[in-house]
Amino acid sequence: MSDIKYAEDHEWIRLDGDTGTIGISVYAQEQLGDVVYVELPKIGQKVGRGDQLAVVESVKAASEVFAPVSGEVVEINADLVAKPEIINEDAEGLGWFARIKVSGAAELDGLMDKAAYADYVKGPD
């Protein structure tokens, strides 16, 4: 399994072969607070980098989840529909939203590794 990569919109992707598992970062989950609802994409849906992939709602706000790379949705995390709080418990693990067959692997080059993302969310000194 390769390392996790992060987008500026706070999504993460973990690549396994040509399939990427996508979710929101711990930072994004902390900003949202208690997640109460998730709208997942449809299997077979094609997305481009930056397209809306899902919607997550919390007690504080609703937020779109964007695709960090282009591809086709091949699996969704149906557990989130009944238990959206999984995102609060394990945002970068069991709280994943969807798996996509990546069509634009070169797009991964524009994403941040864990250290770069940590600096990004910390902001300027």
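All of these numbers come straight from a predicted model, not from anything done at the bench. (Residues numbered from 1 in each chain as written. Predicted model: local features only at pLDDT ≥ 70, side-chain atom pairs only at ≥ 80, totals over all residues. Heavy atoms only, no water.)

**Q** Go over unusual backbone geometry, please, and point to the residues and values.
**A** Although it is not a glycine, His-10 sits at a positive phi angle of roughly 80°. Its place among the elements puts His-10 in the loop between strand S1 (4-6) and strand S2 (11-16). (Helix = DSSP H or I, 4+ residues; strand = E, 2+ residues; numbered from the N terminus.)

**Q** Which residues make up helix H4 (residues 114-122), and what values go with them?
**A** The opening residue of H4, the one whose side-chain oxygen lies 3.3 Å from the backbone nitrogen of Ala-115, is Asp-113. Note on H4: the residue one or two positions beyond its end, Gly-123, has a positive phi of about 80°. (Polar contact = N/O pair within 3.5 Å; in protein donor to acceptor, adjacent residues only side chain to side chain.)

**Q** Got a sec to walk through the packing of aromatic side chains? Specific residues and values, please.
**A** In total, this model carries two aromatic pairs according to the counting rule given. Considering the side-chain rings of Tyr-6 and Tyr-117, the 4.3 Å spacing of their centres and the 10° angle between planes classify their relative orientation as stacked. Of this pair, Tyr-6 sits in strand S1 while Tyr-117 sits in helix H4, and the two are 111 residues apart along the sequence. Taking the relative accessible area as the measure of exposure, Tyr-6 reaches 1% and is therefore buried. The buried category is assigned to Tyr-117, whose relative accessible area is 5%. Consider the rings of Tyr-117 and Tyr-120, whose centres lie 6.3 Å apart with planes at 35°: the pair is tilted. Pair noted here: Tyr-117 and Tyr-120 are both in helix H4, with a separation of three residues, about one helical turn. Since its relative accessible area comes to 36%, Tyr-120 is described here as partly exposed. Each residue in the set Tyr-6, Tyr-117 and Tyr-120 is aromatic and connected to the rest through ring pairs, giving one cluster. (Phe/Tyr/Trp six-rings, centres within 6.5 Å; stacked < 30°, edge-to-face > 60°. Buried < 20%, exposed > 50% of the residue type's maximum accessible area, 1.4 Å probe, protein only.)

**Q** I'd like a rundown of the sheet that holds strand S7 (residues 62-66), residues and numbers included.
**A** Ordered by their spatial adjacency, three strands build an open sheet running S4-S6-S7, and the pairing between neighbours is antiparallel. Unpaired on one side and paired on the other, strand S4 (35-39) and S7 mark the two borders of the sheet. Sheet twist, expressed as the average angle between the axes of neighbouring strands with direction ignored, equals 25°. (Pairing = 2+ DSSP bridges. Axes fitted to C-alpha atoms, helices over the stretch in contact; angles between N-to-C directions.)

**Q** Tell me what's going on with the pairing of strand S9 (residues 98-102), and back it up with residues and numbers.
**A** Side chains Ala-98, Ile-100 and Val-102 of S9 all project onto a buried face; the interleaved residues Arg-99 and Lys-101 project onto a face where none is buried. As paired elements, strand S3 (residues 19-24) and S9 share four bridges and run antiparallel to each other. Looking across to S9, one finds that Gly-20 is bridged to Ile-100. Inspection of the sheet shows strand S8 (residues 71-76) paired to S9 by five bridges, in the antiparallel sense. Counterpart to Glu-75 in the pairing with S9 is Arg-99.

**Q** Please provide a residue-by-residue account of the nonpolar core, values included.
**A** Note on soluble globular proteins: their nonpolar side chains tend to be buried together. In this structure, Val-38, Val-56, Ile-87 and Phe-97 are the most contacted members of the largest nonpolar core, which totals 28 residues. Those elements giving two or more residues to this core turn out to be S2, S3, helix H1 (26-32), S4, strand S6 (52-58), helix H3 (86-89) and S9. Core analysis: the next-biggest nonpolar cluster, separate from the first, contains six residues, Trp-12, Trp-96, Met-112 and Tyr-117 among them. (Core = buried A, V, L, I, M, F, W, Y, C linked by side-chain atoms within 4.5 Å.)

**Q** I'd love a proper account of the sheet that holds S3, names of residues and values included.
**A** Here six strands make up an open sheet; going across it, the order is S1-S2-S3-S9-S8-S5 and the pairing antiparallel. Taken across any chain shown, the strands that pair with only one partner, and hence form the sheet edges, are S1 and strand S5 (46-47).

**Q** Before we move on, could you go through the pattern of salt bridges and cite the residues and values that matter?
**A** Enumeration according to the criterion identifies four salt bridges in this entry. One salt bridge connects Lys-101 with Asp-18, and the closest N-O pair in it is separated by 2.5 Å. With Lys-101 in strand S9 and Asp-18 in the loop between S2 and S3, this residue pair connects regions lying 83 residues apart in the sequence. Judged by relative accessible area, which is 43%, Lys-101 ranks as partly exposed. (Salt bridge = Lys/Arg side-chain N within 4 Å of Asp/Glu carboxyl O.)

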